[in-house]
Amino acid sequence: MWAGRIFDVSETSVSKKMRNKSKNGFFFPSIYGAVPASIARSLQLDRKFVEKVQGEFWEEYSYIKEWQNKVIHDYLINGYVEMITGARRPVWTYCR
């Protein structure tokens, strides 16, 4: 779906290459905090267009953004991130 939006083609016209490019150039970078300008450079797209699509992305997946904000908040308060397994990943000494 997102590859179709990014490359302005129907979902049925999305090639494997487009799918991989959108996954590795848009979806994952968006999840991990890449800004539209960086994504636009990577995919050779207009920054304003990427801003629009990324806005749609975050509207659809707002629960991911909420979870990210909670993890960051908890990290800042507690000094660690708790993994799904219960393991805790602390602040590294040299990062303080």
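Use the structure listed above.
Residues numbered from 1 in each chain as written. Predicted model: local features only at pLDDT ≥ 70, side-chain atom pairs only at ≥ 80, totals over all residues. Heavy atoms only, no water.

### Some thoughts on the environment of Asp8
Residue placement: Asp8 occurs in the loop between α1 (2-7) and α2 (16-31). Classification of Asp8 as exposed rests on a relative accessible area of 68%. Between the C-alpha atom of Asp8 and that of Asn20, which follows or precedes it by 12 residues, the distance is 15 Å. (Helix = DSSP H or I, 4+ residues; strand = E, 2+ residues; numbered from the N terminus. Buried < 20%, exposed > 50% of the residue type's maximum accessible area, 1.4 Å probe, protein only.)

### Side note on the packing of aromatic side chains
Considering all chains together, one arrives at 10 aromatic pairs under this definition. Residues Phe57 and Tyr61 carry aromatic rings whose centres are separated by 5.1 Å and whose planes lie at 50 degrees to one another, so their mutual orientation is tilted. Tyr61 carries the same exposure label as Phe57, and that label is buried. Through a chain of ring-to-ring contacts, the aromatic side chains of Trp2, Phe26, Phe27, Phe28, Phe57, Trp58, Tyr61 and Tyr63 assemble into a single cluster. Lying across the ring of Trp2, Arg5 places its NZ or CZ 4.2 Å from the centre. The residue whose ring lies beneath Lys65 is Trp58, and the NZ or CZ to ring-centre distance is 4.4 Å. (Phe/Tyr/Trp six-rings, centres within 6.5 Å; stacked < 30°, edge-to-face > 60°. Lys NZ or Arg CZ within 6 Å of the ring centre and 35° of its normal.)

### Here's the deal with the pattern of salt bridges
By the definition in use, this model includes five salt bridges. Between Glu51 and Arg47 there is a salt bridge, with its nearest N and O atoms 2.3 Å apart. Of the two residues, Glu51 and Arg47 are both situated in helix α4 (residues 47-60); the distance of four residues between them amounts to about one turn of the helix. Classification of Arg47 as partly exposed rests on a relative accessible area of 37%. Linking Glu56 and Lys52 is a salt bridge whose minimum nitrogen-to-oxygen distance equals 2.9 Å. Here Lys52 and Glu56 lie together in helix α4, a separation of four residues that amounts to about one turn. (Salt bridge = Lys/Arg side-chain N within 4 Å of Asp/Glu carboxyl O.)

### Description of the layout of surface pockets
Where empty space is left becomes clear once a probe the size of a water molecule has been rolled over the atoms. Taken as a whole, the largest pocket encloses approximately 230 Å³ of empty space. As for the largest pocket, its lining consists of Trp67, Lys70, Val71, Asp74, Asn78, Tyr80, Val81, Glu82, Met83 and Ile84. The set of elements that each furnish at least two residues to the lining of the largest pocket consists of α5 (62-78) and β1 (80-82). Sorting elements by how many residues they give to the lining of the largest pocket places α5 first, with five residues. (1 Å grid on protein atoms, 1.4 Å probe; cavity = no way out; pocket = protein on both sides within 12 Å on 5 of 7 lines; lining within 4 Å. Points joined across faces, edges and corners; volume = space filled by probe spheres on them.)

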